[in-house]
Amino acid sequence: MDPLIDVQQVIMRYRTKGGPVHALADVTLQVGRGEFVSVVGPSGCGKSTLLKIIAGLLLPSAGQVRVDGVRVSGPHPGVGVVFQSPVLLAWRTILENILLQIEVRHLSKAQYRKRALDLIALVGIQGFEDKLPYQLSGGMQQRAAICRALIHDPPLLLMDEPFGALDALTRDRMDLELQRIWLESGKTVLFITHSIPEAILLSDTIVVMSARPGRVQELVQVTFPRPRDLKSLARPEAVEAIERIRAIMGTVPD
Amino acid sequence: MKEPADRLPWHEQWGDWLYPLGTIVFLVIAWELFVRLLKIPSYLVPRPYDVLLVLVDRHAEIFAHALVTAQEVALGYLLGVAVAVPCAILICWSRLLERSLMPLIVYTQTFPKSAIAPLFLIWFGYGILPKVVIAFLIGFFPMLIAMITGLRAVEPDAVDMIRSMSASKLQTFTKVRIPYSLPFFFSGAKVAATLSIVGALVGEFIGAEQGLGYLLIRANASLDTEFLFAILIPLVVLGRLFFSFVGLVERYVIGWHLAAREGAQGS
Ligand SMILES: Nc1ncnc2c1ncn2[C@@H]1O[C@H](COP(=O)(O)OP(=O)(O)OP(=O)(O)O)[C@@H](O)[C@H]1O
Ligand SMILES: [Mg+2]
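Because the structure is a prediction, the values reported are computed rather than measured. Every chain is numbered independently, its residues counted from 1 as its sequence is written. Starting at A for chains and at 1 for ligands, labels are handed out in the order in which the entities are written. Since the coordinates come from a predicted model, pLDDT governs what is reported: local features require at least 70, and pairs of side-chain atoms require 80 or more to be given and counted, while whole-chain, interface and lining totals use all residues. To obtain the side-chain values, all non-hydrogen atoms of the structure were used and water was disregarded.

Asker: Looking at this structure, I do not really get the pairing of strand β6 (residues 79–82) of chain A. What am I missing?
Answerer: All names here are of chain A. Along β6, one buried face is formed by V79 and V81 and the opposite face, lined by G80 and V82, is buried too. The pairing of β6 with strand β7 (residues 156–160) spans 4 bridges and is classified as parallel. Bridge pairing in β7 places V82 opposite M159. Classification of residues uses two cut-offs on accessible area relative to the type maximum, computed with a 1.4 Å probe and protein chains only: under 20% is buried, over 50% is exposed, and between them is partly exposed. Per the convention used, a helix needs a DSSP run of H or I reaching at least four residues, while a strand needs a run of E reaching at least two, with both numbered from the N terminus. By the convention used here, strands pair only if DSSP detects at least 2 bridges between them.

Following this line, the structure appears as structure tokens:
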């Protein structure tokens, strides 16, 4: 079957006052339907840039992206994006922030209200639905942002370090919850993270990127069975994979 | 939306009023003593008590003129809001308009708008219209610039966020960019509130038959310093009322912003 996401020779150069910033150098990448793919790489190597290009928020300087066979030329339907920061609207309550997705897509808010409340409970911020964002901690805000990306049940989830702001325990819980949602729903997930163990816990494939200008350095397949839990990370295959990714990231490409 | 805060002791609850009020009482007494002890003639600096007497004595006359000034200010200001907000949105809507107009608009900042007030008298006569136009013009630019600044200050991530939902350009404006700009707009709107009073007064100074500015000129011509001082009081009140009104609207429209700011500071 053809891949859901097909990134072909994408190059990205930001034009800035101080001259061009070469963020991505020739990235080619496929993500199959229903696959969970993580992207790891040093800070500033263009992970967020790549995600924004796939979401249709940025046009690449060269190359092209197809999602579901259609060439991406702008934001497309069927996607839920979690950004690196929560970006909640300060004047809307948590529930209204989540339902923004529904409002903008001209769906019925009444119909999605219950689903929103279920998601709020799922990520563990129940009781805060009528609060304004400033009344929540950064980690809680990020969990609300995850609800907002999931509310319309998109087949493709693009997540940019969604759990970076959470404490270790909550992060573990959210990882397992995300795995459960993914197993149940068959969604395709592109997941950016700085945590190699997190990537191993969740992914089928891990894309290791090189430092800026970013390119795909290596693909690491993670094959051991699911559902995985924290104990799975102690398995020899997992330990070996962690070591391998560390080694790849440690080597400087020429 | 607001949590019931722990009760403050009474002098803290009213502190925002009591402490400045104390300062005023102190200053008035000091003034009275100063004028008496140094025997300053009343045509230079009148005694506060005499000023108060004149104010009470001629209150009907002063009030009627204050109403005219208030009307000019209110009309000019509202016209300013009604024109500045759509103009700002229009300018930020199109990159072309923004690039061609914005540098010029910034340039007008340094131009003293009251300089063209005499021209408006020629065009619009001696009634309230020229004053309304001057009040409008003086208040309009700070509001326009504040609103444009706000529309441009939007977090790029917030725009990406709503665009990722396949939002239309109209939706990115109504749901993200305009609300984002409102705190900026209101800071401009408060500056404009005081400026438009200046605008109306300048108009009245140049040529009028009514209004507090006209009364000031008249009192000045007859060296009636007590009356002059008495007119300043309704001017202060008018300015304060007007400013508070804008603050009230601000609290109503962007309460979320003020709450978040106070929340961030810790109560
Ligand atoms: N809007 C922009 N304009 C100019 N340069 C940009 C812009 N956004 C990103 N860059 C540059 O592009 C490079 C890649 O940025 P990007 O945010 O994609 O990195 P990242 O891999 O997500 O980093 P991190 O892990 O720290 O989030 C960086 O050098 C950054 O400075
Ligand atoms: Mg990033």
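Asker: I would appreciate a short explanation of the sheet that holds strand β1 (residues 5–14) of chain A in the present structure.
Answerer: What holds strands together in a sheet is hydrogen bonding between their backbones, with the strands either parallel or antiparallel. All names here are of chain A. Read from one edge to the other, the open sheet built from 4 strands follows the order β2-β1-β4-β5, with strand pairing classed as antiparallel. The open sheet has two free edges, formed respectively by β2 (21–31) and β5 (70–71), since each of these has just one partner strand. Bridge count between β1 and β2: 7 bridges; the pairing is antiparallel. Bridged to M12 within β2 is L24.

Asker: I keep staring at the nonpolar core and nothing clicks. Help me out?
Answerer: Counting residues in hydrophobic clusters, the biggest one holds 98 residues, and the most contacted among them are V7, I54 and L158 of chain A. Element by element, the count of residues in this core is highest for helix α9 (residues 169–206) of chain B, at 14 residues. Contacts were defined at the residue level, with two residues in contact if any of their heavy atoms lie within 4.5 Å. Those residues in contact with L158 of chain A that sit more than four places away from it in its chain are I5, L51, I54, A55, V79, G80, V81, V82 and L190 of chain A. For the purposes of this section, nonpolar cores are sets of buried Ala, Val, Leu, Ile, Met, Phe, Trp, Tyr and Cys residues that join through side-chain atoms within 4.5 Å. One finds F36, L99, M140 and I151 of chain A within the second-largest nonpolar core, a separate group that totals 32 residues.

Asker: What exactly am I supposed to notice about the pattern of salt bridges here?
Answerer: Close approach of charged atoms lets side chains of opposite charge pair. Residue and element names in this part refer to chain A. When a carboxyl oxygen of Asp or Glu lies within 4 Å of a side-chain nitrogen of Lys or Arg, that pair is called a salt bridge. With the rule as written, the count across this model stands at 25 salt bridges over all chains. With its nearest N and O atoms 2.9 Å apart, the salt bridge here joins D118 to K114. Of this pair, D118 and K114 are both found in helix α3 (residues 109–122), 4 residues apart, which corresponds to roughly one turn of the helix. For K114, a relative accessible area of 57% translates into the label exposed.

Any link to function would need more than the numbers given here.
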